[in-house]
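Letter by letter, the chains look like this.
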Amino acid sequence: MLSLATVRRRWASFLGTFTALFLGVTILCMTALVLTSARPATPQRYAGVRVVVQSPAVDQSDGTFTDTLPWPPARTRELVTALTSVPGVASAVPDRSFYVQAVVGGQPVGNPGADLRGHPWSAAALGPDELTAGAAPEGASQAVVPSALGVQPGSRVTLLTADGPAVYTVSGTVDSTAFYLSEGTAERLAPGVRIIGLITEPGAGPAAVASAAAGVVGSAGEVLTGNALTRLEATFAAETRWIGMQILTAMAGLTTFVSIFVVASTFAFGIVQRRRELGLLRTIGATPRQIRRMIHGEALAVGVTAAVAGVVLGIVLAPMLARLLVSGGLEPEGFTVRLQPPPLIGSFVLGLVVALAGVRAASRRAARIAPLEALREAALEKRPMTRTRWIGAIGCTTLGLALVLVAATGDPDRMINNVLYAAMALIVGLTLAAPAVIPLAVRAAWWPLGRLRGATGLVARESALTSVRRTASTAAPVLVTVGFAVLIAGMFQIRARGYALEETVSQQATSVVTPRDTPGLSDAAVEAVPSGASLLPTELYAGDGRHIGAVGMSDAAFARARERMTVVTGSLDGLDDDTMIVRASTSAWLGWTPGRPVPVTFEDGTTGTVRVATVITDDSSSASVLLPRRTVRRHAPDALTQVVFVAGAKRPDVPATLGAEAMSAREYAERTDAHDDRLVQIFLLVLIGTSLGYTCLAIATTMLMATADRAPDLAVLRLSGATPRQVLGIVAAESTLSAGIGAALGLGVALVALLGIRSGLSAQLGTDVSLNLPWSTMALTIGLCLLLALVSSVLPARSSVNPARRRPVGYASPRL
Amino acid sequence: MKNSPDVVRLSSATKRYGSGPQTVTALDNVTTTFTRGTFTAVMGPSGSGKSTLLHCAAGLDRVSDGTVEIDGTELGGLGETALTLVRRDRVGFVFQAFNLVSALTAEQNIALPLRLAGRRPGREQLRAALAEVGLGHRATHRPSELSGGEQQRVAIARALVTRPAVLFADEPTGALDTETSRDVLALLRGIVDRHHQTVVMVTHDPAAAAYADRVLLLADGRVVDEAGPC
């Protein structure tokens, strides 16, 4: 009865808790729904087959989402022959996949980030992808294109491949987004095969066919059937899904943390404010246990309402979040939210748990209130630092620092999440230690100002020192906001630099040729700039599932970079098509010592012997292996060049039909930053938005509560002769002081975590890593916190000192 | 023991605050009793220890030396919960500040001690308690809708609803004007006379003390004078 009555009557002081919980459950429910809906799906292209043979997987522990090890053409033919003879198999269809994009009206069409792929016509049977008009392509000059292009069979269309543009005659159209070319063209562009689909005879059981196929394939591949078919998900779809998961997990973690934090601090502060009322209840016969139960009852009442409301709003907002993630490229196209009970129940329960966990410490403190406190007037707080608080503070801070170390030295994949956890632990530690830290901080901050000012400084300082708990609860949300915002923004401004190859090649360029409306540059675009320096990325396979990132350097690129590369052993002279340059760490890892001929498998599936000519230091190149561009092109006909650097005064002239454009080197640098930042911007927006929105709420509530609490003090100040303006000055000074302390501590947390990341990345990448503090985010966040703190303390204080509304003496009568 | 005429008994009660050279002795070896059905006023200058005496006698605070007994129960050996139960069942309080729970109506405030004790208050009982203090018509009003005198009457009704062995009042008229003070004191006097209720009241107002049967004068933590009705 008392719990409900209290919540009903004192709704204002529960507003902060309610809103925090409500938003928290909304975000949790939304992310949980999206997370559980995000599952790998078998691509539509393979919907028609129930058994698929996939080439051997490679090690994925580096988190690069590398494709499986391809079969070379000869091996593919052997496998197809062997698989066709398996009982129940009508035919074995190898799938090849390569870049194709249509050029309509002189412009490449389609989203460069989407799946612009071509396949041999035979692979259409795997869908099956039926013709909507026309016929199958015959000969190298015919193509089947998506009907969405709006071209009719018989008309001509320009298609871009890694070679460059070529004109094809449309033989037919399909409903899907895929292009189909002749077998010969497909084999030339994609010699390596990773998937062979088995079309089964009517009545043949997939399980039987799969086990028979496994006997034929042996260790040359893996037979997938049933649920395992979801592993055919395109690697880029898997990667976007993974990034999406990371963001959602971080968001859910951050939300849970911040809402527990906000709920705990608003409850705790509420208890401090209600000390007299609780003391009174103790006096008239409430046992400590009854007080605890009452406080829990209040939390439960607030928790249930907030959790129900949050789940409902979460259901409404989840599809919007899904659309945002899809448009941000963080979830594959076609991703939709499925409404399922477990995430809904889960987030409801979690909301209640957060409410009860948040109120736990507060209810214990409430139960310790002595009956005599009902009789005390003075607001002097006893023992702000209890022993448990010390233990908690030291424990959390140590844990936080340990986590920074783990993040710096451990698994790079988990680095971001580890750093977030580290920051959380540090924030909790500092908040627990606040009663001990804040007096020091107040004295330090006020030392230079205290001697300048008159009464304002003195009163603000002393009042911040006397009510350490109040100062701590107003500083805490600022600490969280500034800490997370600066950390997250700073995390993405850490830039690796100092790789000699990339740096010299790009620095010496005056202009560049980059893709325009295409995912990369074709050979035709690269060759349009004869003097250009370019890097062609590819993947090399070194056996036992090991794979390495490599680049093919054009002669111009090598000529420019060689001066700056630091040779460990060997020489940069006398390199030919069958030699490679290897980074020191790769050389050590694979045992590729100079002079040694080593077997290397390329993207086309063929294995060749390449001699290690030279070992260079790690900061000489970001790619592990450097090869001549010719060698890479020979084995990876589908690879696209990302950029061509051109030295010389004249800007090259590149026709738009090539899907390329020329620009100055400076323009390019700005554009790259903007592009790199797009994903990051979304990530930042979501994470900072979450923590900022939340803690702003906390700042406003605590400030409002604290100022209401201070009304009698302010009345006393007025009675002692302070003008309303002076009183407001004192309130403003104190808010600034608390917010400033919070901001300083938050910056401290962020800086420690960022330094941890920097040393971790630097060790991992083998080059200098620079830490660029996100000044704009920093200024914006701190400014916003300060503004909120001022507005939410000065405005209510103004109405309480305004002589027109209330006489100063109005507060002299005691009030509960 | 229950029928002993002494409801509260203090023997050599001493209360010290702080330790070492800064020790303050607020109550110095006080021995006294409060007899059933009497109205005692405790007087003395500021800092004389009158409030400490009240807090210790009521079990709100513990004595450093000596013993305190309420209705035959020695408080020294009781834990916090047991002490709370003694207070709940046998002691009522009225304070200077009216100390009502602002979220609850007058009637709910009065019912609170019974509910805390796990008892279901009867409607009749609550009506009677309100009528006793002359507020039968204000049952559903919240504290903010009551005058100071009315709030203090609600507090008195709440203190009496558990039929405590003793009612302690700490400056009950301190925040009231003269006329309202007279009403409240007359109410207390009436309760002593009609219901044989024991009342111990701390006050610094001689006019308030005039309503008492007995006046205990404190200075420097000791009883320096004791007088019958003036």
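Residues numbered from 1 in each chain as written. Chains lettered and ligands numbered in written order. Predicted model: local features only at pLDDT ≥ 70, side-chain atom pairs only at ≥ 80, totals over all residues.

Re the overall build of chain A
This is how the line gets drawn: Helix and strand definitions follow DSSP, with helices as H or I runs of at least four residues and strands as E runs of at least two, each counted in order from the N terminus. Here the C-beta atoms are placed from the backbone, and a residue counts as buried if at least 20 other C-beta atoms lie within 10 Å of its own, exposed if 12 or fewer do, and partly exposed otherwise. Once C-beta atoms are placed from the backbone, any two residues with those atoms within 7 Å are in contact.
Regarding its fold elements, chain A presents 21 helices and 25 strands. Looking at chain A as a whole, 49% of its 816 residues qualify as buried. Excluding contacts between residues fewer than 6 apart, the proportion of contacts in chain A whose partners are at least 24 apart in sequence is 84%.

A short note on helix 5 (residues 206–217) of chain A
All names here are of chain A. Counted only if it meets this: Expected helix span is computed as 1.5 Å times (number of residues minus one).
Taking 1.5 Å per residue as the helical rise, helix 5 with its 12 residues ought to reach 16 Å, and the 16 Å between its terminal C-alpha atoms agrees with that figure. Here helix 5 has its buried residues at Val209, Ala210, Ala212, Ala213 and Val217. Where helix 5 is buried, its residues meet strand 1 (51–54), helix 3 (73–84), strand 2 (89–95), strand 12 (195–200) and strand 13 (222–225). Among the residues trailing helix 5, Gly218 stands out with phi positive, at a value near 65°.

Brief notes about the sheet that holds strand 3 (residues 39–43) of chain B
To summarise the sheet geometry, strands pair through backbone hydrogen bonds and adopt either a parallel or an antiparallel arrangement. Residues and elements named next belong to chain B. Stated precisely, the cut-off is as follows: For two strands to count as paired, DSSP must find a minimum of two bridges between them. Simply put, an axis is a line fit to the C-alpha atoms, just over the touching stretch for a helix, and the angle between two N-to-C directions goes from 0 to 180 degrees.
Taken together, six strands build an open sheet; the order of strands is 6-7-8-3-9-10 and the sheet is mixed. A single partner strand is all that each edge strand has here, and the edge strands are strand 6 (91–94) and strand 10 (222–227). Averaged over neighbouring strand pairs, the angle between their axes works out to 20° when direction is ignored. Bridge count between strand 7 (residues 166–170) and strand 8 (residues 198–202): five bridges; the pairing is parallel. Within the sheet, the bridge partner assigned to Leu167 lies in strand 8 and is Val199. Against the sheet, helix 1 (residues 50–57) touches strand 3, strand 7, strand 8 and strand 9 (214–219), its axis set at about 145° to strand 8. Strands in contact with helix 6 (residues 178–195) are strand 3, strand 7 and strand 8; relative to strand 3, the strand with the most contacts, it is inclined by about 140°.

Considerations on the packing of helix 3 (residues 106–116) of chain B against helix 5 (residues 148–160) of chain B
Residue and element names in this part refer to chain B. This is how it is decided: Roughly parallel covers angles under 35 degrees, roughly antiparallel covers those over 145, roughly perpendicular covers 65 to 115, and oblique covers all other angles. Two helices that cross are described as forming a left-handed crossing if the nearer one is turned anticlockwise from the farther one by less than a right angle, and a right-handed crossing if clockwise. Basically, the charged four are Asp, Glu, Lys and Arg, the nonpolar ten are Ala, Val, Leu, Ile, Met, Phe, Trp, Tyr, Cys and Pro, and anything else, Gly included, counts as polar.
Where helix 3 contacts helix 5, the two axes come as close as 7 Å, and the packing angle between them is 30°. Relative to helix 5, the element helix 3 lies roughly parallel. Helix 5 is crossed by helix 3, and the crossing has right-handed handedness. Together, Ala106, Asn109, Ile110, Leu112 and Pro113 of helix 3 and Val154, Ala157 and Arg158 of helix 5 make up the contact between the two elements. Of the residues in the contact of helix 3 with helix 5, the class split is six nonpolar, one polar and one charged.

A short note on the confidence of the model for chain A
Residues and elements named next belong to chain A. The following threshold applies: Scored from 0 to 100, pLDDT reflects the predictor's confidence in each residue.
The predicted model of chain A has a mean per-residue pLDDT of 81, with 86% of residues at 70 or higher. When the criterion is pLDDT under 50, residues 377–381 qualifies, and its contacts beyond four places in sequence or with other chains add up to five contacts. For the stretch residues 803–816, pLDDT sits under 50, and the model shows 19 contacts to residues farther than four places along the chain or on other chains.

Some remarks on the environment of A:Pro628
All names here are of chain A. In this structure, Pro628 sits in strand 22 (residues 625–628). Of the residues examined, Pro628 has 21 C-beta atoms within 10 Å and is grouped as buried. Sequence spacing of Pro628 and Asp555 is 73 residues, and the spatial spacing of their C-alpha atoms is 7.4 Å. Excluding its chain neighbours within four sequence positions, the residues that come into contact with Pro628 are Gly552, Met553 and Asp577.

Side note on the sheet that holds strand 12 of chain A
All names here are of chain A. Pairing is antiparallel across the open sheet formed by four strands, whose spatial order is 2-12-1-13. Both edges of this open sheet fall to strand 2 and strand 13, since each of them pairs with a single strand only. Averaged over neighbouring strand pairs, the angle between their axes works out to 25° when direction is ignored. Sheet topology note: the strand 1/strand 12 ladder contains four bridges and is antiparallel. Bridging from a neighbouring strand, Gln54 pairs with Ile195 of strand 12. Along the sheet, helix 5 contacts strand 1, strand 2, strand 12 and strand 13; its crossing angle with strand 13, the most-contacted strand, is approximately 170°.

As for the nonpolar core
Nonpolar side chains in soluble globular proteins tend to end up buried together. To keep things clear, this is the line we draw: A set of buried residues drawn from Ala, Val, Leu, Ile, Met, Phe, Trp, Tyr and Cys, joined through C-beta atoms within 7 Å, is what defines a nonpolar core.
Residues A:Leu21, A:Val34, A:Ala422, A:Ala423, A:Ala753, B:Val42 and B:Val166 are the most contacted members of the largest nonpolar core, which totals 201 residues. Ranked by residues supplied to this core, first place goes to helix 11 (residues 415–450) of chain A with 19 residues. Ignoring anything within four residues of it in the chain, the contact list for A:Ala422 reads A:Gly400, A:Leu403, A:Val404, A:Ala407, A:Ala753 and A:Gly756.

Overview of the pairing of strand 21 (residues 607–616) of chain A
Remember that side chains alternate between the two faces of the sheet whenever the strand is regular. All names here are of chain A. Of the pairings in the sheet, the one linking strand 18 (residues 567–570) to strand 21 comprises three bridges and is antiparallel in character. From the neighbouring strand, Val567 faces strand 21, where its bridge partner is Ile616. Here strand 19 (residues 579–583) runs beside strand 21; their pairing, made up of five bridges, is parallel. The partner of Val582 across the bridge, within strand 21, is Val615.

A short note on helix 6 of chain B
All names here are of chain B. For the record, the criterion: Think of it as the arc spanned by the lines of direction from the helix axis to the C-beta atoms.
Compared with the 26 Å implied by 1.5 Å per residue over 18 residues, the 25 Å span of helix 6 between its first and last C-alpha is a close match. Listed as buried for helix 6 are Ser181, Val184, Leu185, Leu188 and Ile191. Summarising the axial view, the buried residues of helix 6 lie within an arc of 110°, below the 170-degree limit, and thus occupy one face. Among the exposed residues of helix 6, those pointing more than 90 degrees away from its buried face are Thr178, Glu179, Ala186, Asp193 and Arg194. Elements that come into contact with the buried residues of helix 6 comprise strand 3, helix 5, strand 7, strand 8 and helix 7 (206–209). One or two steps after helix 6, the chain reaches His196, where phi turns positive at roughly 60°.

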